[in-house]
Number of protein chains: 2
Amino acid sequence: MTLIEGGVCAALGFRAAGVHVGVKTKDKNKKDLALIVSDVPCAAAAVYTKNAVKAAPLLVTREHLMDGQARAILVNSGNANACAPEGEENARRSARAAARVLGLQETDIIVASTGVIGQRLPVEKIEQGVETLAPLLSRQGSSDAALAIMTTDTVKKEYALETVVGGKTVRLGGIAKGSGMIHPNMGTMLCFITTDCAISSEMAQEALRRAVKVSFNRISVDGDTSTNDMCCLLANGLAGNAPVTGEGEDFDAFLKALTELCTKFAVDMAADGEGAKHLIICTVSGAETEEKAETLAKSVISSTLTKAAVFGADANWGRVLCAMGYSGAAFDPDAVDIAFASKAGRVEVCRDGRGLEFDEDLAKKVLTEHDVTIDIRLREGKAACTCWGCDITYDYIRINGDYRT
Amino acid sequence: MTLIEGGVCAALGFRAAGVHVGVKTKDKNKKDLALIVSDVPCAAAAVYTKNAVKAAPLLVTREHLMDGQARAILVNSGNANACAPEGEENARRSARAAARVLGLQETDIIVASTGVIGQRLPVEKIEQGVETLAPLLSRQGSSDAALAIMTTDTVKKEYALETVVGGKTVRLGGIAKGSGMIHPNMGTMLCFITTDCAISSEMAQEALRRAVKVSFNRISVDGDTSTNDMCCLLANGLAGNAPVTGEGEDFDAFLKALTELCTKFAVDMAADGEGAKHLIICTVSGAETEEKAETLAKSVISSTLTKAAVFGADANWGRVLCAMGYSGAAFDPDAVDIAFASKAGRVEVCRDGRGLEFDEDLAKKVLTEHDVTIDIRLREGKAACTCWGCDITYDYIRINGDYRT
């Protein structure tokens, strides 16, 4: 499995483009409409937010994917089309416009939106925009598409990798966005993945479900699960491998690559959390079950006080143990060891649930690094889990105290 | 039912004091050890944090209250005695020292601590401190005791009120602290309530459980449930009413007063949340059940993004609906009305789950007031609930980014 260039267009037969149409801002340098198209029909899979309030494009997309087939993805940033007047109608109009310029069926189009909730989508700009967009579609378009789906993201998120399935080289690539309103409960962001692997829509759905569970569902920026989260996968089969239609070695190889890709996007999102200065990596090992390890690690990365401590480079491990305590997972507080680690070193701060004397200067150095690991060890069993989060900073407050204006 | 002076000493037969012993800081103006004593034996009730990691003083207090009786409360601030070396032994030594100077049994003493987690309690300072403290006990000591239990609180929290139970005037009063690490799951702070009402320990426990459920359990500052939360009630019976030993009119009168008192403390804590500039009052009405209304309201006051929006005086109601959506409560997103209100006016921002055109200038004015109400109306039934929270500010980050140093 190797990383390759090309992002969402790395897989054979995919083209993409991104342009400015004015939904996000008047600044013509800010792209806000992206299109991703496969030359041939694709098996399609998607997972959606578990928020009870679901944005209109998710409802329309879910309907379009009933047959497990799609060809193209149209995404706008700047307006979430959630809780908005004429939301569903406007999502349909967007899909219809894309279908028309691409010569496809309306149901072949996946639509997604991200941005402010509750305002009417200026669908006319999107209808006109797709006319400009379609001629720009190219094999080099991934970067523009990645830029067009960003909101408060500071870093463009695009990755691709290559692996072997059934003796054939297959490529998986994608683009993603996610910075605020991020909390593990399914998608928690937008992520569009393409592959030329031949795989049935059922197995694509199964692979996506499993990959999301151990990647996107293990990050948190602010505990707020968005109304618009979606992760979808288009597989067009052009790699020429024997189609993956069930469990087995080929499925495992595909799942491994998909999980790797999703994890890269997830970690990027946590690191690019709104205002974040640190990526927090929390590993829990020695747990009885992976589920319990996950509950504990998630609680730690979600703790506002722990996030603030990392921001302040303060080795306040009591907040870590406190967050484990209210997680809901049963564990023995007297059999917990905690250490902080980064490339500057490692400091053991708690053994058997009790504070250790430690070198405060070294702890400060360890916590000043960008990537900070909170290493938690139980003595219950052999299961482990890693979750990713970020610190909470003045900039998070600034960004979210005045987002709409 | 009327508010009266005297705080935790308002009820007949209670004396209190607070002094500086150097656990919190060297600054001799900062008191950090409080003692509350009843002249006669009391029925005692307490509720504790649901955090699986419980501080040592809670474990010792729970043991001491097995018989439903107590006489005194000893509290220090500056050190939580949680996850600390020799925690239980030091909690016992504190109780023993208080028992000795007061001429009571060790098991008559309730001990509590609040402050930094994981560091050894300097119990020697407390043992010496109680010697100074005991002679200072007085009927006017509530204010000093209230000051001595504060950590990051900016406002002293003491209230008392008078009501009639069984034809007799009874008094209830208390002191409380709570500013950070506050999240509704039982006590979420320290609160010590005294009353001269005659009531059995069983009914005192029942009243406290019910009062806490609708007051402290409906606030949140930062989503972090502390390891040290405790709310306890001492009832010494000096009011001379016929003892409350079961449900009925007298119990209801007592419960009503206790709930009023707990609610005043709870709202104060939310308003005095670390760094907070606003009290957020979220009311959900028209719900099918009170439980559902509470789940929705709690989710809204706990949402980091909603808190940041209030900080920025940004009428970003989409975040409110989003927080309702991920609360876990089932509701119809298309039958939700939302308004923001304060003494500056009222702005309807969402009807039937869709955004309304509204006066942005008025909204800004409404949200600039200190007390901001988020008024949510469903159309499912007649149940309602109010929860209280606060905004998240730069100061919250500053306070918690460098708490230990």
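Before reading on, note that the structure itself is shown above.
In short, a report on the structure. Quick caveat: nothing in here was measured; it's all calculated off a predicted structure.

## Quick look at the packing of helix α5 (residues 201-213) of chain A against helix α6 (residues 249-271) of chain A
Residue and element names in this part refer to chain A.
- At a minimum axis distance of 9 Å, the contact between α5 and α6 shows a crossing angle of 45 degrees. Between α5 and α6, the angle is such that the two are oblique. Here α5 runs over α6; the crossing is right-handed. Facing M203, E206, A207, L208, R210 and A211 of α5, the residues of α6 in contact are F251, F254, L255, L258, T259 and C262.
- Taken together, the residues that form the contact of α5 with α6 break down as 9 nonpolar, 1 polar and 2 charged.

## Thoughts on the relation of the copies chain A and chain B
- Overlaying chain A with chain B gives an RMSD of 0.0 Å, the required rotation being 180 degrees about an axis along which the chain moves by 0.0 Å. Both chain copies can therefore be described as sitting about a two-fold axis. Relative to the rotation axis, the closest C-alpha in chain A is found at A:Y394, a distance of 2.7 Å.
- Here 100% of the contact residues of chain A are again contact residues in chain B; the copies associate through an equivalent surface.

## Overview of the nonpolar core
- Formed by 72 residues in total, the largest nonpolar core has its most connected members in A:F192, B:M324, B:I338 and B:I376.
- A per-element tally of this core places strand β3 (residues 33-48) of chain A first, with 6 residues.
- Beyond its immediate chain neighbours, meaning those up to four positions away, B:I376 contacts B:C282, B:T283, B:V284, B:S285, B:V300, B:V320, B:M324, B:V336, B:D337 and B:I338.
- Counting residues in each nonpolar core, the second largest holds 71 residues, with A:A287, A:V310, B:A16 and B:I73 among its members.

## Re the pattern of salt bridges
- The full count for this structure, using the stated rule, is 58 salt bridges over all chains.
- Connected through shared salt-bridge partners, A:E86, A:R93, A:R120, A:E124 and A:E127 make up one network.

Basis of the calculations
- Residue numbers restart at each chain and count upward from 1, following the sequence in its written direction.
- Chains carry letters and ligands carry numbers; both start at the beginning, A for chains and 1 for ligands, and go up in the order they are written.
- For a predicted model such as this one, the threshold for reporting local features is a pLDDT of at least 70, and the threshold for listing and counting side-chain atom pairs is 80 or more; totals across whole chains, interfaces and linings nevertheless cover every residue.
- Side-chain numbers come from the whole structure's heavy atoms, not from hydrogens or water.
- Lines fitted to C-alpha atoms define the axes here, with helix axes fitted over just the stretch in contact, and angles between the N-to-C directions of these axes take values from 0 to 180 degrees.
- Only DSSP runs of H or I reaching four residues or more are called helices, and only runs of E reaching two or more are called strands; each is numbered from the N terminus.
- Angular relationships are summarised with four words: roughly parallel below 35 degrees, roughly antiparallel beyond 145, roughly perpendicular across 65 to 115, and oblique for the angles in between.
- Put simply, a crossing is left-handed when the front helix is turned counterclockwise from the back one by less than a right angle, and right-handed when it is turned clockwise.
- Any two residues having at least one pair of non-hydrogen atoms within 4.5 Å are treated as being in contact.
- In this classification, the charged set is Asp, Glu, Lys and Arg, the nonpolar set is Ala, Val, Leu, Ile, Met, Phe, Trp, Tyr, Cys and Pro, and all remaining amino acids, among them Gly, are polar.
- In this comparison the copies share one frame, found by least squares on the C-alpha atoms of residues holding pLDDT of at least 70 in both.
- Each nonpolar core is a collection of buried residues, namely Ala, Val, Leu, Ile, Met, Phe, Trp, Tyr and Cys, held together in the definition by side-chain atoms within 4.5 Å.
- Relative accessibility decides the category of a residue: with a 1.4 Å probe and only protein chains considered, values under 20% of the type maximum give buried, values over 50% give exposed, and everything between is partly exposed.
- Criterion for a salt bridge: a side-chain nitrogen of Lys or Arg within 4 Å of a carboxyl oxygen of Asp or Glu.

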